[in-house]
Amino acid sequence: MTCECCNDEPQEYEVGKPKDEKPTRQELKVARWMKSNVPIKKTKFMNVNVEYFSSGKALDALMNSKFAQGSKPLFADREAAIDFLDGMLAHKLFHRAKKVPVSEQELRRKRKEGEIETEEQKKKRKIRLVMHPEQIFEDGHEAYIWIYDPIPVYYWFLGIFVVLISIVICLFPLWPPKMRLWVYYGSVTGAGFLVFILALALFRTILFGIIWILTLGRHHFWFLPNLTEDCGFFESFKPLYKYEYRGKDYKPPEKKSKKRKKDKESDAEEEKPLIKNEISTPEHEKRKISESESVSSSQSSTGKDFEFIDDHEAKEALN
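Since we're looking at a predicted model, the values are computed, not measured.

### As for the packing of aromatic side chains
Point 1. For the structure on display, the rule yields 19 aromatic pairs.
Point 2. With a centroid separation of 5.6 Å and 90° between ring planes, the pair formed by Phe 94 and Trp 146 is classed as edge-to-face. Remark: Trp 146 occurs in strand β5 (residues 143-146) and Phe 94 occurs in strand β3 (residues 94-101); sequence separation between them is 52 residues.
Point 3. With a relative accessible area of 8%, Trp 146 lands in the buried category.
Point 4. Seen from their ring centres, Phe 221 and Tyr 241 are 5.7 Å apart, and the 25° between their planes marks the pair as stacked. Of this pair, Phe 221 sits in strand β6 (residues 219-223) while Tyr 241 is found in strand β7 (residues 241-245), placing the two residues 20 residues apart along the sequence.
Point 5. The rings of Phe 53, Phe 94, Phe 137, Tyr 144 and Trp 146 are connected pair by pair, giving a single aromatic cluster.

### Observations regarding the side chain of Ser 236
Point 1. Looking at the secondary structure, you find Ser 236 in the loop between β6 and β7.
Point 2. When near neighbours in sequence (up to four residues on either side) are disregarded, Ser 236 contacts Leu 224, Asn 226, Leu 227 and Cys 231.

### Observations regarding the packing of helix α1 (residues 25-37) against helix α2 (residues 55-63)
Point 1. Contact geometry of α1 with α2 gives a least axis separation of 11 Å together with a crossing angle of 110°. Between α1 and α2, the interaxial angle falls into the category roughly perpendicular. Residues Val 30, Trp 33 and Met 34 of α1 form the contact with α2, whose participating residues are Ala 58, Ala 61 and Leu 62.
Point 2. Looking at the contact of α1 with α2, its residues break down into six nonpolar, no polar and no charged.

Procedures and definitions
All chains use their own residue numbering, which begins from 1 and follows the written sequence. Totals for whole chains, interfaces and linings use all residues, but because this is a predicted model, local features are given only for residues with pLDDT of at least 70 and pairs of side-chain atoms are given and counted only at 80 or more. Hydrogen atoms and water are omitted, and side-chain values are computed over all heavy atoms in the structure. Pairing of aromatic side chains requires ring centres within 6.5 Å, counting the rings of Phe and Tyr and the six-membered ring of Trp. Pairs whose planes differ by under 30 degrees are stacked, by over 60 edge-to-face, and all others tilted. Strands are runs of DSSP state E lasting at least two residues, helices are runs of H or I lasting at least four, and both sets are numbered from the N terminus onward. Burial classes follow relative accessibility: with a 1.4 Å probe on protein chains only, a residue under 20% of its type's maximum area counts as buried, one over 50% as exposed, and anything between as partly exposed. Contacts: residue pairs with any heavy atoms within 4.5 Å of one another. Angles here are taken between N-to-C directions and fall from 0 to 180 degrees, while the axes themselves are lines fitted to C-alpha atoms, restricted in helices to the stretch in contact. Oblique is the label for every angle not falling under 35 degrees (roughly parallel), over 145 degrees (roughly antiparallel), or within 65 to 115 degrees (roughly perpendicular). As a working rule, the residues Ala, Val, Leu, Ile, Met, Phe, Trp, Tyr, Cys and Pro are called nonpolar, Asp, Glu, Lys and Arg charged, and the rest polar, with Gly in that last group.

Laid out in structure tokens, this is it:
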């Protein structure tokens, strides 16, 4: 009989599937460094705003970092970095996504729903991210969506500060008499100021109504017009008044059509000039595109769930 623990033969593990499910300290250290130094892009993935990075840019940054320098570097070469990142992917610090071109039919549908594009954006290629069936790390222009989202350090300090303030307030009966008196005066002052603002808002409304009734709606006089507007504290008291005369010749200003706000976090890169208007898509690739549209049909119609890429990345996405 032989005991398994006495067997000197090395144990083999599948690549990309480490024995431990939790990431190591070294992997978390590399992940924190990547979150701060590797360029990211933002888009929508399954109705959720996500951040993703390109595998080639991540490897370039790591090979120029402290992890690839020194007498005993963590990454001796690019292949070692790929193996390490593959382990991070298996530990679910990020996952691989597939770039799928957006069909013209879907773009037309989104334009009908009210999304307005500039001329420059119309010339750029549009892709969306879907889940990749092969969860491995590869070099190139592959997209990897971040799952690891560490809590910032200042969140901890802010939480501790809120807890301490709550404890101090609960101990109010134990405060010195002078401090309790100051708090009382402060609360009375704050309540008085609030009552003053409410009374001022009521007064300006009554004043506007009286002038409007006496002039049969021709004179519109607002005292402190920005008092109840969504603006800063000091801006609420500027200007002092606003006056408009609306006689028979008065024409109301035309309301400009409000354009839907564009998603500033979505990626937009300049496209290199093409010889032809579009890259010819093989028949089997068209089938893949149609299948990806059925998968992404559950995505939100509000906000952009695709991005703009250059011609080079578009070729990579079609391969």
